[in-house]
Amino acid sequence: MLEAPRRQVDQARRAEHDDGRQPLQGEHERPQGVQEPCVRAPTGGTQATDRRVPGTLRGRLMIVLLDANVIYGNRTRDLLMWIGLTPGVELRWTDLILDEAFEHLARRSGLDPNKLAKTRRDMCRAIPDAMVTGYEHLIDEMEIGDPDDRHVLAAAVHAQAEHIVTFDSDFTPSVMQAHLMTAMTPDACVLMVFEAFPGSVQWAFEECWRAKKNPPWTRVQALERFSREFPQSMRALRLHMGL
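Owing to the predicted nature of the structure, the values given are computational and were not obtained by experimental measurement.

Undergrad: How should I be thinking about helix α8 (residues 198-211) in this particular structure?
TA: Residues spaced three or four apart along an α-helix point in a common direction, a consequence of the helix completing one turn every 3.6 residues. The terminal C-alpha atoms of α8 lie 20 Å apart, and with 14 residues this matches the ideal 20 Å at 1.5 Å per residue to within 8%. In terms of burial, α8 is a largely internal element, 14 of the 14 residues being buried.

Here is the structure:
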């Protein structure tokens, strides 16, 4: 089951080196027998599927730890998860981060707790090596404005992450520089990956687009909607795709 998406990503990477433009969706057939993975919205019923390119074929660009607040939104979570299945990014999180994210969703969204629990399981099934453990002894050593953020910083340090993707302003440049890391928004993260591997971001975006079926969107409609959360990276992607 991994062979088809592996070929798709490899073809996209080769196309980048050939002419700098990615084949648009429809220029190649969708792999047969491959389902979307866990990164659907909480109301989705898709069977989880690991579509990652195996580690021996992945040219790692960066290790990124996701803060809870970037997991709240469906589109933000979905695109970041698909990005985490490409050669550009190694995603990381912890049980405590997921606890915070899904407890927030349960309080604010009114969604079925069973569906939220399934989304969490599916995330972990899609990228099983994202879970960071063994960082707890570092928590009390972390110096950051909000003590509640110490566990996030400790996990990033333990995971040797280069970046924390967050909307939290407490991850200031001085806090991050002390650990040779940076904090960035989801849009900045996706744009960074795009600048190195534009085909990977297009592949991730089009997987999100294909998963939107009720009602379906056109590619342009999907770009417009994802621009709400990812304005800079979708602008760059749209130019790359010639749309």
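Undergrad: What am I meant to see in the sheet that holds strand β1 (residues 62-66) here?
TA: Note: strands within a sheet are paired through backbone hydrogen bonds, in either parallel or antiparallel orientation. Across the sheet, four strands lie side by side as β2-β1-β3-β4; this open sheet has parallel pairing. At either margin of the open sheet sits one strand with a lone partner, and together these are β2 (89-92) and β4 (182-184). In this sheet, adjacent strand axes meet at a mean angle of 30° when their direction is disregarded. In this sheet, β4 lies alongside strand β3 (residues 163-165) in parallel orientation, the contact comprising three bridges. Its bridge partner lying in β4, Val165 is registered against Met184.

Undergrad: What am I meant to see in the confidence of the model for the protein chain here?
TA: Across the protein chain, pLDDT averages 79, with 75% of residues at or above 70. In this model, residues 1-59 is a region of pLDDT below 50 whose contacts with residues beyond four sequence positions or in other chains number 135 contacts.

Undergrad: Can you help me understand the nonpolar core in this one?
TA: Burial of nonpolar side chains together is a common tendency in soluble globular proteins. Counting 67 residues, the largest nonpolar core has Leu79, Trp93, Leu153 and Phe205 as its most contacted members. Per element, the largest residue contribution to this core is six residues, and it comes from α8.

Undergrad: Is there a simple way to think about the pattern of salt bridges in this case?
TA: One side chain can pair with another of opposite charge once the charged atoms of both are near each other. Under the criterion given, the structure shown has nine salt bridges. A salt bridge links Glu90 to Arg92; its shortest N-O distance comes to 3.7 Å. Relative accessible area serves as the criterion here: at 14%, Glu90 is assigned to the buried category. Counted as one network, the salt bridges with shared partners bring together Asp95, Asp99 and Arg120.

Undergrad: Please explain helix α2 (residues 74-83) as it appears in this structure.
TA: Within α2, eight of the 10 residues are buried, which leaves it mostly tucked inside the rest of the structure. Regarding α2, the residues found buried are Thr76, Arg77, Asp78, Leu79, Leu80, Met81, Trp82 and Ile83.

Undergrad: Teacher, can you tell me more about the pairing of β1 here?
TA: Remark: a regular strand shows side chains that alternate across the two faces of the sheet. Where burial is concerned, most of β1 is hidden: five out of the five residues are buried. Here β1 shows a buried face lined by Met62, Val64 and Leu66 and a second buried face lined by Ile63 and Leu65. One crossover worth recording links β1 to the parallel β2 by way of α2, and it is right-handed. Strand direction decides the pairing type here: β1 and β3, joined by three bridges, are parallel. Bridge pairing in β3 places Val64 opposite His163.

Undergrad: Quick question: what am I supposed to make of the pairing of β2 here?
TA: In β2, alternate side chains face the same way, and those of Val89 and Leu91 on one face and Glu90 and Arg92 on the other are all buried. In this structure, β1 lies alongside β2, joined through four bridges in parallel fashion. Looking at the pairing, Ile63 lines up with Glu90 of β2.

Undergrad: In this structure, what is going on with the packing of aromatic side chains? I would like to understand it.
TA: Here the distance between the centres and the angle between the planes together describe a pair of aromatic rings. All told, the structure shown has two aromatic pairs when counted by the stated rule. Ring centres of Trp82 and Trp203 lie 5.6 Å apart, and the angle between their planes is 85°; on these two criteria the pair is classed as edge-to-face. Here Trp82 is found in helix α2, whereas its partner Trp203 is found in helix α8, with 121 residues between them in sequence. Each member of the pair, Trp82 as well as Trp203, carries the same accessibility label: buried. Seen from their ring centres, Phe205 and Phe226 are 5.9 Å apart, and the 85° between their planes marks the pair as edge-to-face.

Undergrad: What should I look at first to understand the packing of α2 against α8 in this one?
TA: A pair of packed helices can be characterised by two numbers: the angle between their axes and the separation between those axes. At a minimum axis separation of 8 Å, α2 and α8 run at an interaxial angle of 135°. Of the possible angle classes, the one that applies to α2 and α8 is oblique. For the pair α2 and α8, the crossing hand works out as right-handed. Residues Asp78, Leu79, Trp82 and Ile83 of α2 pack against Val201, Trp203, Ala204, Phe205, Glu207 and Cys208 of α8. Taken together, the residues of the contact of α2 with α8 sort by class into eight nonpolar, no polar and two charged.

Undergrad: Just checking my understanding: could you explain unusual backbone geometry for this structure?
TA: Most of the time, phi is negative for any residue but glycine, and the peptide bond is trans. Positive phi outside glycine occurs at Gln160, with the angle close to 60°. Here Gln160 lies in the loop between α5 (150-158) and β3. Given a relative accessible area of 64%, Gln160 falls into the exposed group. A positive phi angle, close to 55°, is found at Leu180, a residue other than glycine.

About the cut-offs
- Residues numbered from 1 in each chain as written.
- Predicted model: local features only at pLDDT ≥ 70, side-chain atom pairs only at ≥ 80, totals over all residues.
- Heavy atoms only, no water.
- Helix = DSSP H or I, 4+ residues; strand = E, 2+ residues; numbered from the N terminus.
- Expected span 1.5 Å × (residues − 1).
- Buried < 20%, exposed > 50% of the residue type's maximum accessible area, 1.4 Å probe, protein only.
- Pairing = 2+ DSSP bridges.
- Axes fitted to C-alpha atoms, helices over the stretch in contact; angles between N-to-C directions.
- pLDDT = per-residue confidence, 0-100.
- Contact = heavy atoms within 4.5 Å.
- Core = buried A, V, L, I, M, F, W, Y, C linked by side-chain atoms within 4.5 Å.
- Salt bridge = Lys/Arg side-chain N within 4 Å of Asp/Glu carboxyl O.
- Right-handed = clockwise from strand over helix to strand, strands pointing away.
- Phe/Tyr/Trp six-rings, centres within 6.5 Å; stacked < 30°, edge-to-face > 60°.
- Parallel < 35°, antiparallel > 145°, perpendicular 65-115°, else oblique.
- Left-handed = near helix turned anticlockwise from the far one by under 90°.
- Nonpolar A, V, L, I, M, F, W, Y, C, P; charged D, E, K, R; others polar.

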